[in-house]
Amino acid sequence: MEEGIETIEAASGDYVEFWPSGQTVKGEFHCSECNYGVTIVRALPLCPMCGGTSWEQSPWSPFTRASQLL
């Protein structure tokens, strides 16, 4: 496990990783406090909506956006 990343166990037995503000990342993330979403290729910021410091990576699929249009 990488340093600075929190992991909690969800009820289903899956693990949810939380990424702290300042961590260099690439992808889509949502604030763990207010669910504000960002797409980022640099250090995660403080959440601009609530000031939260913990981010959760969004699941990625090449068909995610296409299925939302149907």
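Residues numbered from 1 in each chain as written. Predicted model: local features only at pLDDT ≥ 70, side-chain atom pairs only at ≥ 80, totals over all residues. Heavy atoms only, no water.

Describing the overall build of the chain
So, point 1. Looking only at helices and strands, the chain features 1 helix and 5 strands.
So, point 2. Across the chain, helices and strands are ordered from the amino to the carboxyl terminus as β-β-β-β-β-α.
So, point 3. Looking at the chain as a whole, 23% of its 70 residues are labelled buried.
So, point 4. Across the chain, every contact between residues at least 6 apart in sequence was considered, and the portion connecting residues at least 24 apart equals 31%.
So, point 5. Total accessible area on the chain stands at roughly 5,200 Å², and carbon and sulfur atoms take up 54% of it. (Helix = DSSP H or I, 4+ residues; strand = E, 2+ residues; numbered from the N terminus. Buried < 20%, exposed > 50% of the residue type's maximum accessible area, 1.4 Å probe, protein only. Contact = heavy atoms within 4.5 Å. Areas by Shrake-Rupley, 256 points an atom, 1.4 Å probe, with all protein chains shown as cover.)

Here we look at the confidence of the model for the chain
So, point 1. Summing up the model confidence of the chain, the mean pLDDT is 78 and the portion of residues at 70 or higher is 66%.
So, point 2. Across the chain, the secondary-structure element scoring lowest on mean pLDDT is strand β1 (residues 6-9), at 48, and the one scoring highest is strand β5 (residues 54-57), at 94.
So, point 3. Contacts for the low-pLDDT stretch residues 7-11, under 50 throughout, to residues beyond four places or in other chains number 11 contacts. (pLDDT = per-residue confidence, 0-100.)

Thoughts on the pairing of strand β3 (residues 27-31)
So, point 1. One ladder, built from 4 bridges, connects β3 with strand β4 (residues 37-40); its direction is antiparallel. From the neighbouring strand, Glu28 faces β4, where its bridge partner is Thr39.
So, point 2. Once β3 ends, the chain turns through 5 residues before running back antiparallel as β4, passing Asn35 with a positive phi of about 75°.
So, point 3. Relative to β5, β3 runs antiparallel, the two sharing 3 bridges. (Pairing = 2+ DSSP bridges.)

So, the side chain of Ser54
So, point 1. Within the element layout of this structure, Ser54 appears in strand β5.
So, point 2. On the basis of relative accessible area, Ser54 is assigned to the buried category, the value being 15%.
So, point 3. Every residue in contact with Ser54, bar those within four places of it in the chain, is listed here: Phe18, Trp19, His30, Cys31 and Ser32.

Focus: the environment of Ile40
So, point 1. One can find Ile40 in strand β4.
So, point 2. Setting aside residues up to four positions removed in sequence, Ile40 forms contacts with Val25, Lys26, Gly27, Phe29 and Pro45.

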